[in-house]
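Understanding the architecture of this molecule
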Amino acid sequence: MQVILVSVDALVTEDLEVLRTLPFTGKLLERASVIKRCTPIFPTHTYPCHASIMTGLTASGTGIIKNKNPDGTWAWYRSSIKAPLLTDVLRRNNLKTAAVCWPVLGGADIDYLVPEIWADGPTDDPTKRFRSASSPEGFEYYELYKAELDWMRTPGMDDFAADCFDAIMRDHSPDFAALHLSYLDHQKHGNGAETYKNTGALKFIDGKLETALSHVREDAVIFIMGDHGHRNYSSYVSLPAILKEEGIEGIVTESASYMAFAYGRNCERLKSLAGKYPVECVMTPDEAESRYGLSGSFDAVLTSADGFIFRDMEEMTKDAGAVMSDHGFSNEKGPFPPLVTIGYETEADECRSVDVAPTILSLFDLELKCDGRVIPGHIR
């Protein structure tokens, strides 16, 4: 049994119409089951979503509630996740594992690990950081393909990821392997969320999938998914400016596109902001936990109104100057990521991203205590 998991960052179901027309992915989709709605966790940010996929837990269970740690550093390391990974279960059962550029896995117990990580600046050498965060075997592939890296930027990161992944599959054929491709997400941020604006990025992804999957076993089960959707915005709204206008003191806000965390004893007063300003929802910690499985050190969680993202600035609102897109919005909103399965037939129309880990483990007759459930289906 070989199982491959590919996360195409920001892939949504609407994008599949273009992928069906492309040379490699089109052929894959001809023999695939497609679950059109794979609901992510909240917050719909890359690192919380990927930690969730790898554990089958919501953000409360993983402890990853944003892309960065409280000290402002990126949450690159597996030590930040406070729960077992599906790869931990596989390793305990003597199965070989691999992961390339999958977020929040630096230093994880994975046989062939090349993490998502980068140097402090675009001209700095990331070798020391990759050596410490990769497995010894994975670091060999970093050395082979490091010239393709362009700091944290794409398409270099995806060129590097696809080539490392392909070489690992060719040389070692692990039982489970995970790959993260991020170019589509980077393009949607600047182009807007609509598929037709991102056909070039989807063509690029088609080529990277062909490279990455060229040495998987013929009978491999392949899962291809997105981690979150994107929604367009054209304006910014400032929480600090709103708090100043309302005369609310003693609150610190931390904005992250369509959502924000707030800290302070007066956070109950934030409830009055919803609807009065471009603020859609204000949740207490208890409400965030019961509604989304989100807990942490925050005192409130806010989401912005459609078309606005939070940004700290002196003006209360400001035109963004162009239509762009972002994520972080409620996971009840679309567009939604799909889950495409090749070799695993299912008639399910909906699932959750937390269902992926237990489903993959079930193929090896293994289990993981988590928030997800096995997606009904069978191996073809």
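Our subject is the structure that appears above.
Okay, so let's go over this structure. (Residues numbered from 1 in each chain as written. Predicted model: local features only at pLDDT ≥ 70, side-chain atom pairs only at ≥ 80, totals over all residues. Heavy atoms only, no water.)

Another point: the overall build of the chain. Per the secondary structure count, the chain includes 13 helices and 18 strands. At 20 Å, the chain has a C-alpha radius of gyration in line with the 21 Å of a compact globule built from 380 residues. Viewed in the frame of its principal axes, the chain has a C-alpha envelope of about 65 × 45 × 40 Å. Nonlocal contacts in the chain, meaning residues at least 24 apart in sequence, comprise 72% of its contacts between residues at least 6 apart. Accessible area of the chain: about 15,300 Å², with a carbon and sulfur share of 47%. Where the 37 positive side-chain charges of the chain centre and where its 56 negative ones centre are 2 Å apart. (Helix = DSSP H or I, 4+ residues; strand = E, 2+ residues; numbered from the N terminus. Rg over C-alpha atoms; globule rule 2.2 N^0.38 Å. Contact = heavy atoms within 4.5 Å. Areas by Shrake-Rupley, 256 points an atom, 1.4 Å probe, with all protein chains shown as cover. Lys, Arg positive; Asp, Glu negative; His and termini not counted. Charge placed at Lys NZ, Arg CZ, Asp CG, Glu CD.)

Here the focus is the sheet that holds strand E9 (residues 252-256). Taken in spatial order, the four strands of this open sheet run E9-E10-E12-E11, and their pairing is antiparallel. Each edge of the sheet is formed by a strand with only one pairing partner; in this case those strands are E9 and strand E11 (279-283). Going across the sheet, the axis of each strand differs from the next one's by a mean of 20°, ignoring polarity. In terms of strand pairing, E9 meets strand E10 (residues 259-263) through five bridges, oriented antiparallel. Within the sheet, the bridge partner assigned to Val252 lies in E10 and is Tyr263. Helix H11 (residues 239-246) contacts E9, E10, E11 and strand E12 (300-304) of the sheet and is inclined by roughly 145° relative to E9. (Pairing = 2+ DSSP bridges. Axes fitted to C-alpha atoms, helices over the stretch in contact; angles between N-to-C directions.)

Turning our attention to the layout of surface pockets. The probe, sized like a water molecule, is rolled over the atoms to show the empty space still left. In this structure, the largest pocket encloses a volume near 750 Å³. Taken together, 28 residues line the largest pocket, and the ones lying closest to its centre are His45, Asn67, Trp74, His189 and His327. Of all the secondary structure elements, the ones that give two or more residues to the lining of the largest pocket are helix H3 (46-55), helix H9 (183-191), E9 and E10. Taken together, the residues of the lining of the largest pocket break down into nine nonpolar, 12 polar and seven charged. (1 Å grid on protein atoms, 1.4 Å probe; cavity = no way out; pocket = protein on both sides within 12 Å on 5 of 7 lines; lining within 4 Å. Points joined across faces, edges and corners; volume = space filled by probe spheres on them. Nonpolar A, V, L, I, M, F, W, Y, C, P; charged D, E, K, R; others polar.)

As a further point, take the nonpolar core. Within the largest apolar cluster, 98 residues are counted, with the highest numbers of intra-cluster contacts made by Ile4 and Leu5. If you tally residues by element for this core, the top one is helix H8 (residues 156-172), at nine residues. (Core = buried A, V, L, I, M, F, W, Y, C linked by side-chain atoms within 4.5 Å. Buried < 20%, exposed > 50% of the residue type's maximum accessible area, 1.4 Å probe, protein only.)

This part is about the sheet that holds strand E14 (residues 317-326). The strand order across the open sheet formed by three strands is E13-E8-E14, and the pairing between neighbours is mixed. Each end of this open sheet is capped by a strand with a single partner; those strands are strand E13 (307-310) and E14. Strand after strand, the sheet turns through a mean of 40° between neighbouring axes, direction not considered. Pairing geometry for strand E8 (residues 231-237) and E14, over six bridges, is antiparallel. Pairing of Ser235 across the sheet is with Asp319, part of E14.

Throughout the structure, instances matching the rule amount to one cavity of 30 Å³ or more. By volume, the largest cavity is sized at about 60 Å³. Along the walls of the largest cavity sit Val8, Leu11, Leu16, Leu19, Thr25, Leu28, Leu29, Leu209, Ile224 and Val340, which together make up its complete lining. Contributions of two or more residues to the lining of the largest cavity are made by helix H1 (16-19) and helix H2 (23-30). By residue number, the principal contributor to the lining of the largest cavity is H2, which donates three residues. Its residues assigned to classes, the lining of the largest cavity comprises nine nonpolar, one polar and no charged.

Note: E8 against E13, four bridges, orientation parallel. Paired with Val237 across the strands is Phe310, a residue of E13.

Applying the stated criterion across every chain, the model contains 14 aromatic pairs. Aromatic side chains Phe139 and Tyr142 sit 5.4 Å apart centroid to centroid with 25° between the ring planes, which places their arrangement in the stacked category. Remark: Tyr142 and Phe139 occur in helix H7 (residues 136-145); sequence separation between them is three residues, near one turn of the helix. Like Phe139, the residue Tyr142 is buried in the burial classification. (Phe/Tyr/Trp six-rings, centres within 6.5 Å; stacked < 30°, edge-to-face > 60°.)

Contact geometry of H7 with H8 gives a least axis separation of 10 Å together with a crossing angle of 130°. By the criterion of interaxial angle, the relationship of H7 to H8 is oblique. Seen along the crossing, H7 lies across H8 with a hand that is right-handed. Counting all contacts with H7, which are made through Tyr141, Tyr142 and Tyr145, the residues of H8 involved are Phe160, Asp163, Cys164, Ala167, Ile168, Asp171 and His172. Split into classes, the residues belonging to the contact of H7 with H8 amount to seven nonpolar, one polar and two charged. (Parallel < 35°, antiparallel > 145°, perpendicular 65-115°, else oblique. Left-handed = near helix turned anticlockwise from the far one by under 90°.)

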